[in-house]
Amino acid sequence: MVATAPELAVSRWFNTPKPLSLAALRGKVVVLHAFQMLCPGCVQHALPQAERLHRLFADRSDVVVVGLHTVFEHHAAMAPSSLEAFIHEYRLTFPIAVDEASDTDAVPVTMRRFGMRGTPTTIVIDRAGRMVEQHFGQIDDLALGVLLGALAASAVPPPPPC
């Protein structure tokens with residue numbers, strides 16, 4: 001059985017006029033790219049991939065790319081004001097959430113909810129809100145494209161009987 005994706009816990013949003021939620025995005029395929037701006041794999045591969053996907057699906061309303069800046073180390077260097085400059089410099093245009101800091105440890109709330117091991121992590125959520133892929137590290141463009149194409153072509157499953 002595929003698990004329903006937990007909700008995002010966000011302290012701030014960039015590149016969106018209003019906050020997003022996974023619940024509100026049901027009916028769409030969601031690609032969640034978790035990153036840190038000081039992560040070389042994120043900067044070199046994951047963020048350019050996310051931006052390409054965002055631009056590729058810009059004319060469609062059924063696939064959404066969301067960035068998640070999830071800081072679990074070097075907290076002082078990766079404040080939201082630094083992220084704002086980073087987003088501008090790298091010309092990132094997709095919605096980006098700042099993962100809510102935990103009151104108990106260095107791992108932020110959404111990162112813990114999803115059981116992420118680090119960054120970059122790519123999570124794909126189907127139209128029914130189920131997490132169908134979670135990939136730590138670089139995910140191949142073609143492999144991700146095949147998965148997204150299949151999910152985008154599929155219909156929303158009917159709700160379970162009451």
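All values derive from a computational prediction rather than experimental measurement. (Residues numbered from 1 in each chain as written. Predicted model: local features only at pLDDT ≥ 70, side-chain atom pairs only at ≥ 80, totals over all residues. Heavy atoms only, no water.)

Draft legend 1. Expanded view of the sheet that holds strand β5 (residues 121-125). Spatial ordering of the open sheet is given by β1-β4-β3-β2-β5-β6, a layout of 6 strands whose pairing is mixed. The sheet terminates laterally at β1 (10-14) and β6 (131-136), the two strands that pair on one side only. The sheet shows a mean angle of 20° between the axes of neighbouring strands, direction not considered. As defined by bridge partners, β5 adjoins β6 across 5 bridges and the pair is classed as antiparallel. Bridge pairing in β6 links Thr 121 to Phe 136. Sheet strands in contact with helix α1 (residues 40-56) are β2 (29-35), β3 (63-69) and β5, and its direction is about 155° off that of β2. Where helix α4 (residues 141-153) meets the sheet, it contacts β2, β3, β5 and β6, and its direction lies at approximately 20° from that of β5. (Pairing = 2+ DSSP bridges. Helix = DSSP H or I, 4+ residues; strand = E, 2+ residues; numbered from the N terminus. Axes fitted to C-alpha atoms, helices over the stretch in contact; angles between N-to-C directions. Contact = heavy atoms within 4.5 Å.)

Draft legend 2. Spotlight on helix α2 (residues 80-89). All of the buried residues in α2 are Leu 83, Phe 86 and Ile 87. Projected onto a plane normal to the axis of α2, the buried residues spread over an arc of 100° and lie on a single side. In α2, those exposed residues whose orientation departs by more than 90 degrees from the buried face are Ser 81, His 88 and Glu 89. (Buried < 20%, exposed > 50% of the residue type's maximum accessible area, 1.4 Å probe, protein only. Arc of directions from axis to C-beta.)

Draft legend 3. Quick peek at the pattern of salt bridges. Summed over all chains, the structure comprises 7 salt bridges. A salt bridge links Arg 52 to Asp 141; the shortest N-O distance between them is 2.9 Å. Linking Arg 52 in helix α1 with Asp 141 in helix α4, this pair joins segments that are 89 residues apart in sequence. Between Asp 126 and Arg 130 there is a salt bridge; the shortest N-O distance is 2.8 Å. (Salt bridge = Lys/Arg side-chain N within 4 Å of Asp/Glu carboxyl O.)

Draft legend 4. Region of the structure containing the environment of Gln 138. Relative to the assigned elements, Gln 138 resides in the loop between β6 and α4. Measuring from C-alpha to C-alpha, the distance between Gln 138 and Thr 121 comes to 7.8 Å, with 17 residues separating the pair along the chain. Leave out the neighbours within four places in its chain, and Gln 138 touches His 45 and Pro 120.

Draft legend 5. Representation of the environment of Gly 41 in the model. Tracing the backbone shows Gly 41 in helix α1. Sequence separation between Gly 41 and Arg 60 is 19 residues, and the spatial gap between their C-alpha atoms is 28 Å. For Gly 41, the contacting residues outside a window of four places in its chain are Ala 46 and Pro 120.

Draft legend 6. Broad picture of α1. With 17 residues, α1 should reach 24 Å at 1.5 Å per residue; the first-to-last C-alpha distance of 24 Å fits that figure. Roughly 35° is the biggest bend found in α1, and it falls at Ala 46, with proline Pro 48 one to four residues downstream. Within α1, burial applies to Gly 41, Cys 42, His 45, Ala 46, Leu 47, Gln 49, Ala 50, Glu 51 and Leu 53. (Expected span 1.5 Å × (residues − 1). Bend = angle between axes of the 7 residues up to and from the residue.)

Draft legend 7. Expanded view of the nonpolar core. In terms of nonpolar packing, the biggest core is built from 26 residues, with Leu 83, Ile 96 and Leu 148 touching the most fellow members. Breaking this core down by element, the ones donating at least two residues are β2, α1, β3, α2, β4 (96-99) and α4. Leu 83 has contacts with Phe 14, Phe 35, Met 37, His 69, Ile 96 and Val 98, leaving out every residue within four places of it along the chain. (Core = buried A, V, L, I, M, F, W, Y, C linked by side-chain atoms within 4.5 Å.)

Bear in mind that shape data such as this cannot, by itself, settle questions of function.
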